[in-house]
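Residue-level structural notes
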Amino acid sequence: MALPPRTETDLRRELTGLVVESLAVRQDLSHRSVRCAACAARDDDSDADRTVGDEVCVVLREYEGFTWEIQDLRCPDHCVDRVADAAGVEADDQVVVAAVLEAAGYHSPDGQYHPEALTLGAVEVIDYSPASEGYRDRGPGTDG
């Protein structure tokens, strides 16, 4: 049974405090920074690093109703306004948010505590695509 779509309040509550770390995005714990993917792709990536207090745009996907995974992190200059433009609509809850980087700390899977690890704060929803949107364009006889 599919879950009902989340409200903006639900999304802000779930994503506030989320550590900025995933398979696609790695932070530099020693410098308390993370890179804007679009800035880093340029030849001159001197403005790519984002740190505590910086605003960012984050694209996230919730895998099978279990965990939010950061798919992309960008500076405000390279922000996207729609899930469809960021990652394509899929049959998982997906969201694009604006957030401010905070140093709230987290316990990594290896058991270490990183007190200055970057997390998401002041989360505001830009666009949300519930899982049901990913099934809309699929016709009869398709898998999924």
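To keep things clear, this report deals only with the structure shown in the data block. (Residues numbered from 1 in each chain as written. Predicted model: local features only at pLDDT ≥ 70, side-chain atom pairs only at ≥ 80, totals over all residues. Heavy atoms only, no water.)

Scanning the protein from N- to C-terminus turns up 3 helices and 9 strands. Counting from the amino terminus, helix and strand elements in the protein follow one another as α-β-β-α-β-β-β-α-β-β-β-β. Counting contacts in the protein only where the partners sit at least 6 residues apart, residues at least 24 apart contribute 61% of the total. Carbon and sulfur atoms make up 48% of the accessible area of the protein, which amounts to about 8300 Å² in all. (Helix = DSSP H or I, 4+ residues; strand = E, 2+ residues; numbered from the N terminus. Contact = heavy atoms within 4.5 Å. Areas by Shrake-Rupley, 256 points an atom, 1.4 Å probe, with all protein chains shown as cover.)

Once that is clear, we can look at the sheet that holds strand E1 (residues 27-28). The sheet built from 3 strands is open, its strands ordered E1-E2-E3 with antiparallel pairing. The two strands at the open ends of the sheet, each matched to only one other strand, are E1 and strand E3 (49-51). (Pairing = 2+ DSSP bridges.)

Two side chains that carry opposite charge are able to pair once their charged atoms sit near each other. On inspection of all chains with the given rule, the structure shows 12 salt bridges. Note that Arg61 and Asp92 form a salt bridge whose closest N and O atoms lie 2.6 Å from each other. With a gap of 31 residues between them, Arg61 in strand E4 (residues 55-63) and Asp92 in the loop between helix H3 (83-86) and strand E6 (94-103) connect regions that are remote in the sequence. When sorted by exposure, Arg61 lands in the same class as Asp92, which is buried. When salt bridges with common partners are traced through the structure, they connect Arg6, Glu14, Glu62 and Asp93 into a single cluster. (Salt bridge = Lys/Arg side-chain N within 4 Å of Asp/Glu carboxyl O. Buried < 20%, exposed > 50% of the residue type's maximum accessible area, 1.4 Å probe, protein only.)

So, on to the sheet that holds E4. Spatially, the 4 strands line up as an open sheet ordered E5-E4-E6-E9, and their pairing is antiparallel. In this open sheet, the two edge strands, each paired with only one partner strand, are strand E5 (67-74) and strand E9 (118-129). When strand polarity is set aside, the average angle formed by the axes of neighbouring strands in this sheet is 35°. Here 7 bridges tie E4 to E6, and the two strands are oriented antiparallel to one another. Looking at the pairing, Val58 lines up with Val97 of E6. Most of the contacts of helix H1 (residues 8-15) go to E9, to which it runs at about 150°, and overall it touches E4, E5, E6 and E9. (Axes fitted to C-alpha atoms, helices over the stretch in contact; angles between N-to-C directions.)

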